[in-house]
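Architecture at a glance
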Amino acid sequence: MITNRNNRISALSAMLAATCTIVAPAYAARPLETVTAIAFDTAPTLDGVADDAVWAAAAPAKLHFKKGANFGEKGSTDGTIRAARVGEELFLLLQYKDPTHSEQRSPYVKQADGSWQKPKDPEDKGGDNNRFYEDKAGLLWPIGNSIADFEADGCFAACHDDEPPKPYGNKYTENEGERGDLWHLKTVRTGPVGQVDDGWLDHTRFDPETAKNAGRKTDAKTGGGYEDIELVEGKPAVMSSDGKAANKGGTYWVMAADKVPFDDSRFVPGDEVASIMIAPFEGDRGDIALGLSWNDGVWTMEMRRKLVTGSPNDVQFEDLTAAYPFAVSVFDNAQVRHAFMQKPVALVFEE
């Protein structure tokens, strides 16, 4: 078992050496960090606690993230990731330090004159909110090893800066046919319903009219998901049935199954209410389960997905002797300015 794993790592290191000869010679002798998905009989409970036997048995891979917004004004943080295979399912445990639990995603705030307005990040020039947003994490997997130089460059193979009018770059692959599976862990929009937002990435360039998200796409859904709560006659259209302000024991989201017409008389100036309504995705977009929690400055995120989904927009873990490189990014109260890793990690499977 150890010999087979070393062979896989050696092969991956050889690919890394070949791809880095011109781009980054200093990396050529450095193998990728690996995380091994141990074979286990009992699945963990996806509750964001991570006290399951499988996680005690799985060795962590260390992660270091840098150059993001916030994170205690340092822009950097550390974490770990663990992996396990239980039957035909893959489980991942991502944990990282974040000094603040950020849920205040562009809420409506009642003003002294009775009107409702969203607070603004004064430095946001469009799609770059770093004050009133949610914590997030993202995993990017090449689909079918299609993204050139990914083992060397990680997410940099698909990150493009200095493309006006976007204030902070775009994400797309360089060439047609290069595709990635994008797992987006959104702690306000999808975390409360126990799902990762499953998307994918292609080579589409940014266009302000036809492709505002550049190469980022979402998997198909047949129902559910999240949507903005609009103002109707100057007031939010719906609220949670408990009628609590989000900053007074309520939530910064409204469950679609729990919505009721908005009752303005329940709130006083300074109260905040959700501007987003959420429901579980139905269909391909909701095939990654999630359990998460923030406690004492640490995010704990447990994920579950079938090894093989059959979707053309997903990475397929069908060869358990292969290594699967992936990149991880984390967001602290930031819409787009994530902290990132210099290089990807390789997932391998215990035999």
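In this text the structure is predicted, and so the values were computed from the model without any measurement.

1. Some words on the sheet that holds strand S20 (residues 276-282)
The strand order across the open sheet formed by 3 strands is S13-S20-S17, and the pairing between neighbours is mixed. With partners counted over all chains shown, the strands left at the sheet margins are strand S13 (223-228) and strand S17 (254-255), one partner each.

2. Considerations on the sheet that holds strand S5 (residues 108-110)
With respect to topology, 3 strands assemble into an open sheet ordered S6-S5-S19, the strand pairing being antiparallel. Strand pairing shows two members of the sheet lacking a second neighbour, strand S6 (116-117) and strand S19 (272-273), which therefore form its edges. Note that S5 and S6 share 2 bridges and pair antiparallel. Residue valine 109 lies in a different strand from S6, and its bridge partner there is glutamine 117.

3. Describing the environment of arginine 105
Within the element layout of this structure, arginine 105 appears in the loop between strand S4 (89-97) and S5. Among the residues examined, arginine 105 registers a relative accessible area of 12% and is labelled buried. Sequence-wise, arginine 105 and asparagine 130 are 25 residues apart; in three dimensions their C-alpha atoms are separated by 10.0 Å. Within the structure, the side chain of arginine 105 is placed 3.3 Å from the side chain of glutamate 134, a separation counted as a polar contact.

4. A closer look at the environment of aspartate 228
Within the secondary structure layout, aspartate 228 lies in strand S13. Its relative accessible area of 43% is what places aspartate 228 among the partly exposed residues. Setting aside chain neighbours within four positions, we find aspartate 228 in contact with Ser275 and Ile276.

5. Examining unusual backbone geometry
Backbone torsion omega between proline 164 and proline 165 reads 5 degrees, so that peptide bond is classified as cis. Summarising the element assignment, proline 165 is placed in the loop between strand S8 (159-160) and strand S9 (170-171). Located in the positive-phi region is alanine 214, a residue other than glycine, with phi close to 50 degrees. Along the chain, alanine 214 falls in the loop between strand S11 (197-201) and strand S12 (216-218).

6. Some details on the pattern of salt bridges
Scanning the model with the defined rule gives 12 salt bridges in all. Between glutamate 89 and arginine 304 there is a salt bridge, with the nearest N and O atoms lying 3.5 Å from each other. Taken together, the residues span a long stretch of sequence, with glutamate 89 in strand S4 and arginine 304 in strand S22 (residues 298-306) at a distance of 215 residues. Assessed through its relative accessible area of 26%, glutamate 89 is described here as partly exposed. Note that arginine 131 and aspartate 121 form a salt bridge whose closest N and O atoms lie 3.9 Å from each other. Remark: aspartate 121 occurs in the loop between S6 and strand S7 (136-142) and arginine 131 occurs in the loop between S6 and S7; sequence separation between them is 10 residues. What makes aspartate 121 buried here is its relative accessible area of 7%.

Procedures and definitions
Residues numbered from 1 in each chain as written. Predicted model: local features only at pLDDT ≥ 70, side-chain atom pairs only at ≥ 80, totals over all residues. Heavy atoms only, no water. Pairing = 2+ DSSP bridges. Helix = DSSP H or I, 4+ residues; strand = E, 2+ residues; numbered from the N terminus. Buried < 20%, exposed > 50% of the residue type's maximum accessible area, 1.4 Å probe, protein only. Polar contact = N/O pair within 3.5 Å; in protein donor to acceptor, adjacent residues only side chain to side chain. Contact = heavy atoms within 4.5 Å. Salt bridge = Lys/Arg side-chain N within 4 Å of Asp/Glu carboxyl O.

Any functional reading would require information beyond the geometric quantities listed.
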